[in-house]
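# Tertiary structure, described
The chain contents come next:
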Amino acid sequence: QVQLLESGGGSVQTGGSLRLSCAVSGYPWSTHCLAWFRQAPGKEREGVATAYPNGLTTYYADSVKGRFTVSQDKAKSTLYLQMNNLKPEDTAMYYCAAAFGRGVYCGPRAGFGAWGQGTQVTVSS
């Protein structure tokens, strides 16, 4: 079964940076879409970024454009989220996810069948 293992979360001051990693293993079917989501206490889950497995990014949330970058290392089967100029509003649990099949849509509503356990990001002033 597909498993996603996340790492890289932590505590940082406003303006700092973090790089989140998501190691993917056990691919049972063709992967169609990869994504990062986040959820803060008392708020709904938010799509942060999505990308095709070939590396083409399809979506960034307006709140992170210009500050966050999604990338992949196919040799290591790892998805990354580079987070720069962090703000207290970025404090949340961050999750990576994967969607499978032959669909053409890759975005926050793609229907993700596998999720990571989440990694906490805390930004303080």
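Described in the following lines is the structure provided in the data block. (Residues numbered from 1 in each chain as written. Predicted model: local features only at pLDDT ≥ 70, side-chain atom pairs only at ≥ 80, totals over all residues. Heavy atoms only, no water.)

Here the structure, examined in full by the defined rule, presents three aromatic pairs. Aromatic side chains Phe112 and Trp115 sit 6.1 Å apart centroid to centroid with 70 degrees between the ring planes, which places their arrangement in the edge-to-face category. You can call Phe112 buried: its relative accessible area is 12%. In this structure Trp115 comes out as partly exposed when scored by relative accessible area, which is 32%. Over the ring of Phe37 we find Arg45, and its NZ or CZ is 5.5 Å from the ring centre. (Phe/Tyr/Trp six-rings, centres within 6.5 Å; stacked < 30°, edge-to-face > 60°. Buried < 20%, exposed > 50% of the residue type's maximum accessible area, 1.4 Å probe, protein only. Lys NZ or Arg CZ within 6 Å of the ring centre and 35° of its normal.)

This next bit is on the pattern of salt bridges. The full count for this structure, using the stated rule, is four salt bridges. Notably, a salt bridge pairs Arg38 with Asp90, separated by 3.0 Å at the nearest N-O pair. With Arg38 in strand E4 (residues 31–39) and Asp90 in the loop between strand E8 (78–83) and strand E9 (92–100), this residue pair connects regions lying 52 residues apart in the sequence. Exposure class is identical for Arg38 and Asp90. Each is buried. One continuous salt-bridge network, built from bridges that share partners, spans Arg38, Glu46, Arg67 and Asp90. (Salt bridge = Lys/Arg side-chain N within 4 Å of Asp/Glu carboxyl O. Helix = DSSP H or I, 4+ residues; strand = E, 2+ residues; numbered from the N terminus.)

In this section: the nonpolar core. For soluble globular proteins, the rule of thumb is that nonpolar side chains tend to be buried together. Counting residues in each nonpolar core, the largest one holds 28 residues, and the members touching the most others are Leu4, Trp36, Val48, Phe68, Leu81, Met83 and Tyr94. Put simply, the parts of the chain that give this core at least two residues each are strand E3 (18–25), E4, strand E5 (46–51), strand E7 (68–73), E8, E9 and strand E11 (119–124). Setting aside its immediate chain neighbours within four residues, Met83 contacts Gly16, Ser17, Leu18, Leu20, Arg67, Phe68, Tyr94 and Val121. Of all hydrophobic cores here, the second largest spans seven residues; its members include Phe37, Ala99, Cys106 and Phe112. (Core = buried A, V, L, I, M, F, W, Y, C linked by side-chain atoms within 4.5 Å. Contact = heavy atoms within 4.5 Å.)

Right, let's talk about the sheet that holds E8 for a bit. Taking strand neighbours across the sheet as the criterion, the four strands line up as E1-E3-E8-E7 in an open arrangement whose pairing is antiparallel. Two strands bound the open sheet, and with one partner strand each, they are strand E1 (3–7) and E7. Strand-to-strand twist of the sheet, defined as the mean angle between neighbouring strand axes without regard to direction, takes the value 20 degrees. (Pairing = 2+ DSSP bridges. Axes fitted to C-alpha atoms, helices over the stretch in contact; angles between N-to-C directions.)

Our next topic: the state of the cysteines. Considering all chains together, one arrives at two disulfides under this definition. In this model, Cys33 is linked to Cys106 through a disulfide, with the two sulfur atoms separated by 2.1 Å. Negative torsions about the S-S bond denote left-handed disulfides, and the value of about 75 degrees found for Cys33 with Cys106 makes this one right-handed. Separated by 73 residues along the polypeptide, Cys33 in strand E4 and Cys106 in the loop between E9 and strand E10 (114–115) bring together distant segments of the chain. Residues Cys33 and Cys106 agree in their burial class; the two are buried. What links to what in the protein: the bonded cysteines, counted in sequence order, pair as 1-3, 2-4. (Disulfide = S-S within 2.5 Å.)

Mapping Ser63 onto the fold places it in the loop between strand E6 (57–60) and E7. Residue classification places Ser63 among the partly exposed positions, given a relative accessible area of 37%. Between the alpha carbons of Ser63 and Gln13 there is a distance of 18 Å; along the sequence they are 50 residues apart. In contact with Ser63, not counting residues within four places along its chain, are Arg38 and Glu46.

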